[in-house]
Structures are given as structure tokens and as C-alpha cells.
Amino acid sequence: MRKPNIAILGATGVVGREITKIVNELNIEFNEIKFLSSAKSAGSKIEFQGKEYIVEEAKPESFDGVNIVLASAGGSTSQKFAPEIVKRGGVLIDNSSAFRMDKDVPLVIAYVNDEDLRKHKGIIANPNCSTSQLMLVLKPLHEKAKIKRLIVSTYQAVSGAGLAAINELTANTKATLDNKEFENVCFKKPISFNVIPQIDVFCENGYTKEEMKVVNETKKILHLPQELPISCTAARVPVYNGHSEAVDIEFEEEISPDEVREILNNSFGIKVIDNPENFEYPTTRDASGVDPVFVGRIRKNLAFNNGISLWCVADNLRIGAALNTVRLCKKVIEMELY
């Protein structure tokens, strides 16, 4: 198996740095690697595997000879460079929302719908962070009992909105504690000691784009019928890292909480913490900095027939962005799809 030449686009951003770290953690074998960014960040240095690299400004010619590009640089940047990457024979694994719902672009969670990778035409999309952790939970349960209806409420950390949002939470919290005025920039409302029921802009149907991403991406990844009812409410919470989700599922077939625990205990990428009598259930502190999607509070849903309710938590920068991107890279190499 030949080793690919790899480029990380958006290397100096929060997710880009996490991608770089995970490339090392997962022992991705490569021939050469380069780190690309905007002109603003070009010239900075990155230490990687004992070697110092100079970050280069991303230009079309930057992708000459590159086999796989791991991109987390925003939708407009991905749209700008995707044609250049593809025409040079490279494969773009993209973290932005630019191509997720393109019918010719596979939207993939590693170990959930790997076979969809074979359909790629040079671009592979990484799903939204809140969708990513949810799919690892839903896929094995759907295989067992078939999802009939789904309601998801997400409680999302500020790191999902980038470094500026992380800094705003810190500054806003200090200002609140010091009883000082504060002008929020990243969020429509103050984020300190608050919960904001809006992530992204509102659509005509009253849902936000973030909420509709969960609806549409879930159907695409799990190959669900378009008419299958899914609803989502997404809120931003004053947590630095780690998205939490309350998930209510109605199945076509009967399934018990004990069966759900057993299935998830034996599923890839899942860790069950579910002993509420002893206050054992997952929180964002459990998930931050590690790979599993943690699941707990598994119980019979009282409103649905054949219903299950559960709580899941994951590190949104890892499972929701960087980790899946690098896992997809590993799959592309193993399946020789570059």
C-alpha cells in the first residue's frame, strides 16, 4: 500500500490543530505532510512528530502532488479550493457544511456508513458536530429495531463556534462576576450563566440551520426515508467543550432499555455510563479530550410506543470534527480510495 501525501488546510485553527494532533495519535502513515492556512497565518510554525514545519499560504499550486487534503478552513475556502484539489487528483475530506447535502458527495461517519466512501468523486463531507456523535449511537439501534421517529435536543459548547467564542465566554463570565458591562459579539445574547436557544440563522420554517443540519444529515447518513419525522432543538450553553444531547427515539419494533445498553456496550466508539442510582451518568467533563461518545440515562420513553430516551455526550472538537476527519482519512487509505 503506497503512502499518501497529506495536506492539512486550516492548520492553525482550533480544529486544524486538533486534526494535526489526531493524525499523530492514530498513526496515520504518510509520505509527506504539509500545513496550509490563510495568508494571515502563513509563516507560523507547527511542531509535528519532532519536526518543525512552516505553515504555507494555501494556493492552487499548494495541492500539486497531494493525495489527501484534510480541510477545516470554512465553507468558502473549501468551495474555492475543492475544484483545484480534485483536478490535481487529490481527495478532499471537508469539515465545512459546503458539500454535505450535495447528492454527489458522500456524507460519512467512520464505522457508520464507510461503504459510502466508495461513491466519492474527489470530495468527502464530514457531518456537523452534533450529527456526528448522534450517528454512532443511532446506527446500531436502527439496525436492531428500525427508527420510526426521532426528537433531538442539543446543548452545545462554545468551542463549536471557534476560538473567538471560547474567548467570549471567558470575558463575558469575568465581566458578569465583576458586575461590568459587556458587549457580546459571537452570540446574539450574553453567553455567561445563560442558555441561548439559537445556533446559526433561522430558516423559514422557524428552525435554525443547525437544527435542520441534524434533520437532513441524519437521513442522508442512515439512508432514512425523507418522510421519516425528525425534529431538533439546538441550544448554546456556557460550556467550553463537549456537546450534550437528549434523544427520544420511537422504533418500529419493540426494544427494551436493557437491550439498548447491551447493543451500545458492544458498539464501536461508545461508552455507556448508566447507573443513575449512584449518580453515574455522562457529563461534558467526562468527554472532554477523549474519543468515545458517552451514553447514559437510558430509559423507556413514556410518550412513544416502542420508545427509548437517552442522553449522549461527546467532545465536539474530536468526534464532531477532527477525529472523524482523521478516521475518514485512515479509511480512505485502507480502502485505497485515493
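Residues numbered from 1 in each chain as written. Predicted model: local features only at pLDDT ≥ 70, side-chain atom pairs only at ≥ 80, totals over all residues. Heavy atoms only, no water.

(A) How the structure looks around unusual backbone geometry. In this model, tyrosine 111 sits at a positive phi of 75 degrees, which is unusual for a non-glycine residue. Along the polypeptide, tyrosine 111 turns up in the loop between strand 7 (91-94) and strand 8 (123-125). Look at tyrosine 111 and you get partly exposed, because its relative accessible area is 38%. One non-glycine residue, lysine 146, adopts positive backbone phi at about 65 degrees. Along the polypeptide, lysine 146 turns up in the loop between helix 3 (129-145) and strand 9 (147-156). (Helix = DSSP H or I, 4+ residues; strand = E, 2+ residues; numbered from the N terminus. Buried < 20%, exposed > 50% of the residue type's maximum accessible area, 1.4 Å probe, protein only.)

(B) Inspection of the environment of glycine 10 at higher detail. Take glycine 10: it is sitting in the loop between strand 1 (5-9) and helix 1 (14-25). Sequence separation between glycine 10 and serine 72 is 62 residues; the distance between their C-alpha atoms is 5.2 Å. Other than its neighbours up to four places away in sequence, glycine 10 contacts Gly16, Leu36, Ser37, Ser72 and Ala73. (Contact = heavy atoms within 4.5 Å.)

(C) Here's a closer look at the sheet that holds strand 9. The 6 strands are arranged 10-9-11-14-13-12 in an open sheet whose pairing can be described as mixed. The sheet is open, and its two edges are formed by strand 10 (230-236) and strand 12 (270-272), each paired on a single side. With strand direction ignored, the average angle separating the axes of adjacent strands in the sheet is 20 degrees. Strand direction decides the pairing type here: strand 9 and strand 10, joined by 7 bridges, are parallel. Each bridged residue has a counterpart across the sheet, and for serine 153 the counterpart in strand 10 is threonine 233. Packed onto the sheet, helix 3 meets strand 9, strand 11 (243-251), strand 12, strand 13 (293-300) and strand 14 (307-314) and runs at close to 25 degrees relative to strand 11. Contacts between helix 5 (residues 209-222) and the sheet are confined to strand 9 and strand 10, with strand 10 contributing the most and set at about 135 degrees to the helix. (Pairing = 2+ DSSP bridges. Axes fitted to C-alpha atoms, helices over the stretch in contact; angles between N-to-C directions.)

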